[in-house]
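Next come the chains, spelled out residue by residue.
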Amino acid sequence: MLRVLGGVAVQLHTGGEVHPGLTRTYRDIDLVTTRKQGRAAAQLLQELGYQPNERFNAMNGATRLVFYDPEHERQVDVFVGEFRMCHEIPIADRLDLDHETVPLAELLLTKLQIVHLNEKDLRDIWAILHEHDVAEHDDDAVNTAHVARLLAADWGLWRTSRQTIEAARGRLADVPLDAADRRLLDERLGKLWERVEAEPKGLRWRSRAKLGDRSQWYEEPEEIAHAPLESPA
């Protein structure tokens, strides 16, 4: 079982027709599989001609694998059982809900959890919410109930997601969209956050909230440089 995430998943969810004002290039492919199927996924990619980063995979293969496609100059990341970057997202729990990608809620969360946003991350957030409503289900929508439950259990993820949504709303004036589309995005971002705030927060969340920003609430994700094409390992 392999599912796509990242920018390629955003493209797939729009039927390959991201709004022209939100398009971007896709250099890499990000995939996720279950913990039990990590070895099978690695074998499949090698059979398809992808070259493994032997050292990285030997050290991190229980949770993440890296492969290279020199012919097309791209890297393939496979998250195994979990998605851990600035925050951990239980991304492998609901892979059966979509036959190509992770569910939209998880896809959006992988972007909301980014502490240091760049332009492509913002474009992905806007593209997801331009094409899909926010609702209490997973039927071609971002499941706000699922997002709210995860954020209510993790103050750090809540804190970063709030920061990201504020940035996504604050930058809307710069998006090459018409006024109606910008208003739609702002409404959906606002509706999503209202649902998050309405979710009851547990004792662990409230305890961590008291400490606030005085202690770092996120991890610095490891950057994996693209290997030279002649030496993919």
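Please refer to the structure placed before this passage.
A quick note: this is a predicted structure, and the numbers were derived from the prediction, not measured.

Criteria and cut-off values
Residues numbered from 1 in each chain as written. Predicted model: local features only at pLDDT ≥ 70, side-chain atom pairs only at ≥ 80, totals over all residues. Heavy atoms only, no water. Helix = DSSP H or I, 4+ residues; strand = E, 2+ residues; numbered from the N terminus. Buried < 20%, exposed > 50% of the residue type's maximum accessible area, 1.4 Å probe, protein only. Contact = heavy atoms within 4.5 Å. Phe/Tyr/Trp six-rings, centres within 6.5 Å; stacked < 30°, edge-to-face > 60°. Pairing = 2+ DSSP bridges. Salt bridge = Lys/Arg side-chain N within 4 Å of Asp/Glu carboxyl O. Lys, Arg positive; Asp, Glu negative; His and termini not counted. Polar contact = N/O pair within 3.5 Å; in protein donor to acceptor, adjacent residues only side chain to side chain.

Chemist: Is there a simple way to think about the environment of Ala 42 in this case?
Modeler: By the secondary structure assignment, Ala 42 is in helix α2 (residues 38-47). Owing to a relative accessible area of 14%, Ala 42 belongs among the buried residues under this scheme. Those residues in contact with Ala 42 that sit more than four places away from it in its chain are Leu 65 and Phe 67.

Chemist: Would you explain the packing of aromatic side chains in this entry?
Modeler: Aromatic rings in a pair are described by how distant their centres are and how their planes are angled relative to each other. One pass over the structure, following the stated rule, counts 6 aromatic pairs. With centroids separated by 6.2 Å and ring planes inclined at 35°, the aromatic side chains of Trp 155 and Trp 158 adopt a geometry described as tilted. Of this pair, Trp 155 and Trp 158 both sit in helix α7 (residues 155-170), 3 residues apart, roughly one helical turn. Residue classification places Trp 158 among the buried residues on the basis of a relative accessible area of 8%. Arranged with centres 5.2 Å apart and planes meeting at 85°, the rings of Trp 158 and Trp 205 form a pair that is edge-to-face. Of this pair, Trp 158 sits in helix α7 while Trp 205 sits in helix α9 (residues 203-211), and the two are 47 residues apart along the sequence. Members of the aromatic cluster, each reached through a chain of ring pairs, are Trp 155, Trp 158, Trp 193, Trp 205, Trp 217 and Tyr 218.

Chemist: Got a minute to help me understand the pairing of strand β2 (residues 29-33) in this structure?
Modeler: Side-chain direction in a regular strand flips from residue to residue, so the side chains alternate between the two faces of the sheet. Buried residues dominate β2, accounting for 4 of its 5 residues. By the bridge criterion, 5 bridges tie β2 to strand β5 (residues 74-80) in an arrangement that is parallel. Residue Leu 31 lies in a different strand from β5, and its bridge partner there is Val 78.

Chemist: Could you clarify how one ought to interpret the pattern of salt bridges in this entry?
Modeler: Working definition: two side chains of opposite charge can pair if their charged atoms are close together. By the definition in use, this model includes 20 salt bridges. The salt bridge involving Asp 138 is made with Arg 94; its shortest N-O contact spans 2.9 Å. With Asp 138 in the loop between β8 (133-135) and β9 (141-143) and Arg 94 in the loop between β7 (88-89) and α4 (104-112), the pair connects residues that are 44 residues apart, well separated along the chain. Residue classification places Asp 138 among the partly exposed positions, given a relative accessible area of 30%. Residue classification places Arg 94 among the buried residues on the basis of a relative accessible area of 14%. Ionic pairing is found between Arg 171 and Glu 119, a salt bridge with its closest N-O pair at 2.8 Å. Of the two residues, Arg 171 sits in the loop between α7 and α8 (179-198) while Glu 119 sits in helix α5 (residues 119-131), which places them 52 residues apart along the sequence. Residue Arg 171 is classed as partly exposed on the basis of its relative accessible area, which comes to 32%. A relative accessible area of 35% places Glu 119 in the partly exposed class. The network of salt bridges with shared partners includes Arg 24, Lys 111, Lys 120, Asp 121 and Asp 124.

Chemist: Explain the side chain of Arg 3 here, please?
Modeler: Tracing the backbone shows Arg 3 in strand β1 (residues 3-5). The buried charged residue Arg 3 lacks any salt bridge partner; its closest oppositely charged side chain belongs to Asp 98, at an N-O distance of 5.6 Å. Within polar-contact distance, the side chain of Arg 3 engages the backbone oxygen of Asp 98 at 2.5 Å.

Chemist: Help me understand the environment of Val 102, please; the structure alone is not making it clear to me.
Modeler: Residue position: Val 102 is located in the loop between β7 and α4. Judged by its relative accessible area of 0%, Val 102 falls in the buried class. Taking C-alpha positions, Val 102 is 15 Å from Glu 88, a pair spaced 14 residues apart along the chain. Non-local contacts of Val 102, meaning those with residues more than four positions away in its chain, are made with Arg 3, Val 4, Leu 5, His 13, Val 32, Ile 91, Leu 95 and Leu 107.

Read these as layout, nothing more, since geometry by itself doesn't imply function.
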